[in-house]
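# Observations on the three-dimensional arrangement
If you want the building blocks of each chain, they are given just below.
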Amino acid sequence: MLWSRKPAPVHDRHRAVGIDLTASRARAEAAGEKSRALVLDAPDEELALFVAGDRRGPEVGRAGVGLYRKLPHLVCSNFLPALGQSREWKLGRHTLTAEAALGLVFDRLRAVVGGESDGTALALPAYLTPSQVTRVGAAAGRAKFALKGTAVGGLALAADRAAGVLDGDGAGTPPAAGWVVPLRPGASGPGAVVVLDADEFAVSALLVAVDREQVRAVGGAAWPRLSVKVWKERLLDAVADRCVKLCRRDPRDSGEAEQLLFEQLDEAFDRARAGQRIGLTVRTAHWFQDIVQQPEEFEAHCSALVRLAGESVRDFVNGIGLAEPPRAVWLTDAAGRLPGFVREVHANTPEGTAVEILPPNAVAAAAAALVPRWLTGALPRAHLDSLIPLPPRPAAPAGARAAPRASG
């Protein structure tokens, strides 16, 4: 008999899993003593919501991304906002509705999440209607998910980080980067935060009021003209025009060249955000061209979108008529990657309002934090779209309530 020294993997099925689901992708976080992001489309943690229809069965993930510009008629994307509509995608021999495409997503997620936990929560975009949320829950049920509840992603974030807002540090974490604007001194207690997200459908905003008993959604907005899809198309056109000037060849004339350029945009976003030079390659079977861009050039290409985004966020916050400026503006990782967006948001927020880009799995982790509360009955509703009650905070030690008076 052969004995292996490699320990068998241990799966704690009491672990809570949160899934952040948008029109662009799904991300998952397993909460526990050592929380970790789950790998949904190996080797990637992220599962892209693009369905390829060029093979025997439709396949969701990188296969769909790999055809998006080369064979767009064989790709189903941006289907989450189409739930409940009569729209169909005819992909060769396959015909998909939004519900069928979402079912493929949950089938892929079940292969990973199903072996991790018996308690799952979904964080959903704020722009989904109640009937669409119901359809999402039904699709998860058909995929045999142990779904404990769903919540609007921005609301779950505010509940998870409420202690930081109430205590005056905004995000609950110390500023670690130059683009984090510190709060004005003494800004603690109840306040409001704005959560900005971006996906294939729209840039969306949710204003949440935070007090000691609950977090409550005050208002929301979605701007489809500012979707991630629009930003990528603008950059692809700008880089293609630059290629024409350099070598008099247009990558948009070749499906393969355009696809290769499209697949480099995500890394280009990350490099631009880090202030690094961006190298892009355009290649066909007969020619190639290297294109170098600076971060400020990427922002210049998107200047019209940047300006519209800043004005939209400013008008949204001002239109609600808050008595005081928002305590903080939180941008999800997807929103923070849009070239120039963070800078413009900063320029259009009042002095003293914190501006922070959240980690990629912040929304999924916030959803996972809600699972134990659903299990104990502390959260009575299956879908949280307007408010989330907060657990009681422990009383401060008696010695901390008042500083000792100085002698003399």
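Please refer to the structure higher up on the page.
Residues numbered from 1 in each chain as written. Predicted model: local features only at pLDDT ≥ 70, side-chain atom pairs only at ≥ 80, totals over all residues. Heavy atoms only, no water.

## So, helix α10 (residues 303-320)
Between its terminal C-alpha atoms α10 stretches 26 Å, which fits the 26 Å expected from 18 residues at 1.5 Å a residue. Considered for burial, the residues of α10 that qualify are Leu305, Val306, Ala309, Gly310, Ser312, Val313, Phe316 and Val317. Each buried residue of α10 lies within a common arc of 160 degrees when the element is viewed along its axis, so the set occupies one face. Structural note: α10 exposes Asn318 and Gly319 on the side pointing more than 90 degrees away from its buried face. Those residues of α10 that are buried lie in contact with β12 (191-198), β13 (203-210), β14 (214-223), α6 (228-247) and α12 (341-347). Directly after α10, the chain includes Gly321, whose backbone phi takes a positive value near 75 degrees. (Helix = DSSP H or I, 4+ residues; strand = E, 2+ residues; numbered from the N terminus. Expected span 1.5 Å × (residues − 1). Buried < 20%, exposed > 50% of the residue type's maximum accessible area, 1.4 Å probe, protein only. Arc of directions from axis to C-beta. Contact = heavy atoms within 4.5 Å.)

## Some points on the environment of Ala334
Tracing the backbone shows Ala334 in helix α11 (residues 333-336). Between the alpha carbons of Ala334 and Phe269 there is a distance of 9.8 Å; along the sequence they are 65 residues apart. Those residues in contact with Ala334, other than ones at most four positions away along the chain, are Asp197 and Ala198.

## What to know about empty space enclosed by the protein
Using the criterion set out here, one finds three cavities of 30 Å³ or more in the structure. Along the walls of the largest cavity sit 17 residues, with Ala126, Gly153, Gly154, Asp197 and Ser204 positioned nearest its centre. Sorting the residues of the lining of the largest cavity by element identifies α4 (153-160), β12 and β13 as the ones contributing at least two each. When its residues are assigned to classes, the lining of the largest cavity shows ten nonpolar, five polar and two charged. There is about 40 Å³ of room inside the second largest cavity. For the second largest cavity, the full set of lining residues is Tyr68, Arg69, Glu200, Lys229, Lys232, Glu233 and Phe262. Ranked by residue count, the leading element in the lining of the second largest cavity is α6, at three residues. (1 Å grid on protein atoms, 1.4 Å probe; cavity = no way out; pocket = protein on both sides within 12 Å on 5 of 7 lines; lining within 4 Å. Points joined across faces, edges and corners; volume = space filled by probe spheres on them. Nonpolar A, V, L, I, M, F, W, Y, C, P; charged D, E, K, R; others polar.)

## Quick notes on the layout of surface pockets
Considered as a void within the structure, the largest pocket measures approximately 770 Å³ in volume. In terms of lining, the largest pocket is formed by 28 residues, of which the most central are Arg25, Glu46, Lys232, Asp266 and Arg337. Taken together, the elements giving at least two residues each to the lining of the largest pocket come down to β2 (25-31), α1 (62-65), α6, α7 (255-263), α8 (265-273) and α11. For the lining of the largest pocket, the per-class residue count stands at ten nonpolar, two polar and 16 charged.

## Observations regarding the pattern of salt bridges
Evaluated as defined, the whole model comprises 24 salt bridges. Residues Arg25 and Asp20 are paired through a salt bridge, measuring 3.0 Å at the closest nitrogen-oxygen approach. Taking the relative accessible area as the measure of exposure, Arg25 reaches 8% and is therefore buried. Across the salt bridge formed by Glu46 and Arg27, the nearest N and O atoms sit 3.4 Å from each other. Residue Glu46 is located in the loop between β3 (36-37) and β4 (47-48), and its partner Arg27 is located in strand β2; the two are separated by 19 residues in the primary sequence. Residue classification places Glu46 among the partly exposed residues on the basis of a relative accessible area of 33%. Residue Arg27 is classed as buried on the basis of its relative accessible area, which comes to 10%. Taken together, the shared-partner salt bridges in this structure form one network comprising Asp41, Asp44, Arg62 and Arg108. (Salt bridge = Lys/Arg side-chain N within 4 Å of Asp/Glu carboxyl O.)

## Things to note about the sheet that holds strand β7 (residues 75-77)
An order of β6-β5-β7 is seen for the three strands of this open sheet, with the pairing classed as antiparallel. Each of the sheet's edge strands pairs with one partner strand only, and the pair in question is β6 (59-60) and β7. The pairing of strand β5 (residues 50-52) with β7 spans three bridges and is antiparallel. Residue pairing in the sheet places Val51 in a bridge with Cys76 of β7. (Pairing = 2+ DSSP bridges.)

## Some points on the packing of α6 against α7
To characterise two packed helices, one gives the angle between the axes of the helices and the distance between these axes. With their axes 10 Å apart at the nearest point, α6 and α7 run at an angle of 120 degrees to one another. When the axes of α6 and α7 are compared, the pair comes out oblique. Crossing handedness for the pair α6 and α7: right-handed. When α6 is examined against α7, the residues Lys232, Leu236 and Val239 are found in contact with a partner set consisting of Glu258, Leu261 and Phe262. Each residue belonging to the contact of α6 with α7 can be placed in one class, and the counts come to four nonpolar, no polar and two charged. (Axes fitted to C-alpha atoms, helices over the stretch in contact; angles between N-to-C directions. Parallel < 35°, antiparallel > 145°, perpendicular 65-115°, else oblique. Left-handed = near helix turned anticlockwise from the far one by under 90°.)

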